[in-house]
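Coordinates in review
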Amino acid sequence: MTKATVLLVEGKRADRPVFGPQLQKKDFAIHTFQSGSEAAAKLADVGPDIIVVNGASLASTGVRIVQSLRAAHDQRLPILLVVDSDKPVDSSVADVVLYLPFTIQKLINRMRPFLPGDGNNIIQAGPLRLDVEHRRVKCMGKNARLTPRLSTLLQILLQHRGEVVEREDLFRRVWDTNYTGDTRTLDVHVSWLRRAIEVDPDNPKFLHTVRGVGYRLDV
């Protein structure tokens, strides 16, 4: 399994724990930044699986940093926020909020459900990586969990990458039906899938429409 990539926003307060070196020892690929603006500027280059904001080490709650990173990237990218126990924050601000003190193992355990590649069935094609077991897809720095139907749709397109798959055939296989009278819902699901894997869903680089025929995945 490839290393999970962590974008870590962390300061150097001597009286607060830092996690970068410990996570590196645990075989994570760590990219550390000391400010939210620096992290946001490098977000696309790093392409993390998860963001960890150590607000306690920055002498703040880290909430504004989380919000700035949310604004700079797709909402589905998971964020874990570390805060001091005496500075409670709204639990909805991040996917996980952890209050000091805790062990490095607890941090990893809380990160693990958001990391791709832990399943036994991985399909990799170019920059696109699908964890079939957990229905997680990573592509060009984007990281998303798919619905069962979207996962099936992507699997079929991956199996026929570089080929045009006809609309009716896709619809039959994804919806497990012989009725193909109205396939407009397929277009909606393709749109959702583009949001998950494309940097610019309105100008797709990978998932193309072949007018009057169907769709083709180029990776």
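Remember, it's a predicted structure, so these values are computed and weren't measured experimentally.

**Considerations on the overall build of the chain**
Each helix and strand in the chain was counted, giving seven helices and 12 strands. Expressed as lengths along the three principal axes of its C-alpha atoms, the size of the chain is roughly 65 × 30 × 25 Å. Counting over 219 residues, the chain shows a buried share of 48%. Sequence-distant contacts in the chain: of pairs separated by 6 or more residues, those separated by 24 or more amount to 54%. Carbon and sulfur atoms make up 47% of the accessible area of the chain, which amounts to about 11,000 Å² in all.

**What to know about the packing of aromatic side chains**
Following the criterion strictly, the structure yields two aromatic pairs and no others. Measuring from ring centre to ring centre gives 5.3 Å for Phe19 and Phe102, while their planes differ by 10°; the resulting arrangement is stacked. Note that Phe19 is positioned in the loop between β1 (5-10) and α1 (20-25) and Phe102 in the loop between β5 (96-99) and α4 (104-111), a separation of 83 residues in sequence. Grouping residues by exposure puts Phe19 and Phe102 together as buried.

**Quick word on helix α6 (residues 167-175)**
For α6, the full list of buried residues reads Arg167, Leu170, Phe171, Val174 and Trp175. Looking straight down α6, one finds its buried side chains confined to an arc of 100°; they lie on one side. Those residues of α6 hidden inside the fold are in contact with α5 (148-159), β10 (164-166), α7 (184-197) and β12 (214-217). Looking at the residues trailing α6, positive phi occurs at Asp176, about 50°.

**Examining the sheet that holds β5**
Picture the strands of a sheet paired through backbone hydrogen bonds; they go either parallel or antiparallel. The strand order across the open sheet built from five strands is β2-β1-β3-β4-β5, with neighbouring strands paired in parallel fashion. Two strands bound the open sheet, and with one partner strand each, they are β2 (29-33) and β5. For this sheet, the mean inter-axis angle between neighbouring strands, taken without regard to orientation, is 20°. Relative to β2, β1 is paired through five bridges, and the arrangement is parallel. Its bridge partner lying in β2, Leu8 is registered against Thr32. The sheet strands contacting helix α3 (residues 63-72) are β1, β3 (50-54) and β4 (79-83), and the helix crosses β4 at an angle near 170°. Packed onto the sheet, α4 meets β1, β3, β4 and β5 and runs at close to 170° relative to β5.

**Observations concerning the sheet that holds strand β7 (residues 128-131)**
Spatial strand order, β6-β7-β8-β9: four strands in an open sheet with antiparallel pairing. Only two strands of the sheet have a single partner each, and these edge strands are β6 (122-125) and β9 (142-145). When the angles between neighbouring strand axes are averaged without regard to direction, this sheet yields 10°. Its contacts with the sheet place α5 against β6, β7 and β8 (136-139), and it is angled at close to 130° to β7.

**Observations regarding the nonpolar core**
Among the nonpolar cores identified, the biggest contains 29 residues, and Val137, Leu153, Leu154, Leu157, Leu170, Leu193 and Ile197 are the most heavily contacted of them. Elements with a minimum of two residues in this core: β6, β7, β8, α5, α6, α7 and β12. It is α5 that provides the largest number of residues to this core, a total of six residues. Excluding anything up to four places from it in sequence, Ile197 contacts Leu128, Val137, Cys139, Lys142, Phe206, Leu207 and Leu217.

**So, the pattern of salt bridges**
Enumeration over the complete set of coordinates arrives at nine salt bridges. The residue Arg16 makes a salt bridge to Asp15 at a minimum N-O spacing of 3.4 Å. Given the relative accessible area of 25%, Arg16 is considered partly exposed. For the salt bridge of Arg216 with Asp218, the shortest nitrogen-to-oxygen distance reads 2.8 Å. Arg216 gets classed as partly exposed once you look at its relative accessible area, which sits at 24%.

**Quick word on α3**
Residues of α3 that are buried: Val63, Ile65, Val66, Leu69 and Arg70. Relative to the axis of α3, the buried residues are bounded by an arc of 160° and lie together on one face. Looking at α3, the residues exposed on the side facing more than 90 degrees away from the buried face are Arg64 and Ala71. Against β1, α2 (36-46), β3 and β4 lie the buried residues of α3.

Rules used throughout
- Note on numbering: residues in each chain are counted from 1, in written sequence order.
- Per-residue local features of the predicted model are confined to residues with pLDDT of at least 70, and side-chain atom pairs are confined, for both listing and counting, to 80 or more; whole-chain, interface and lining totals are unaffected and use all residues.
- Hydrogen atoms and water are omitted, and side-chain values are computed over all heavy atoms in the structure.
- Runs of E in the DSSP output that reach at least two residues are strands. Runs of H or I that reach at least four are helices, and both are numbered from the N terminus.
- For each residue, the accessible area found with a 1.4 Å probe, counting protein chains only, is set against the maximum for its type, and the residue is called buried under 20%, exposed over 50%, and partly exposed in between.
- By the convention used here, residues are in contact when the closest approach between their heavy atoms is within 4.5 Å.
- Surface exposure here means Shrake-Rupley accessible area, sampled with a 1.4 Å probe, where a residue is shielded only by the protein chains that are shown.
- Only Phe, Tyr and Trp rings are paired, with Trp represented by its six-membered ring, and only when their centres lie within 6.5 Å; those with planes under 30 degrees apart are stacked, over 60 edge-to-face, the remainder tilted.
- Directions pointing from the helix axis toward each C-beta atom define the arc.
- For two strands to be treated as a pair, DSSP must find at least two bridges joining them.
- Axis geometry follows a simple rule: fit a line to the C-alpha atoms, using only the stretch in contact for helices, then measure angles between N-to-C directions, giving values from 0 to 180 degrees.
- Think of a nonpolar core as a cluster: buried Ala, Val, Leu, Ile, Met, Phe, Trp, Tyr and Cys residues, connected wherever their side-chain atoms sit within 4.5 Å.
- The term salt bridge refers to a side-chain nitrogen of Lys or Arg lying within 4 Å of a carboxyl oxygen of Asp or Glu.

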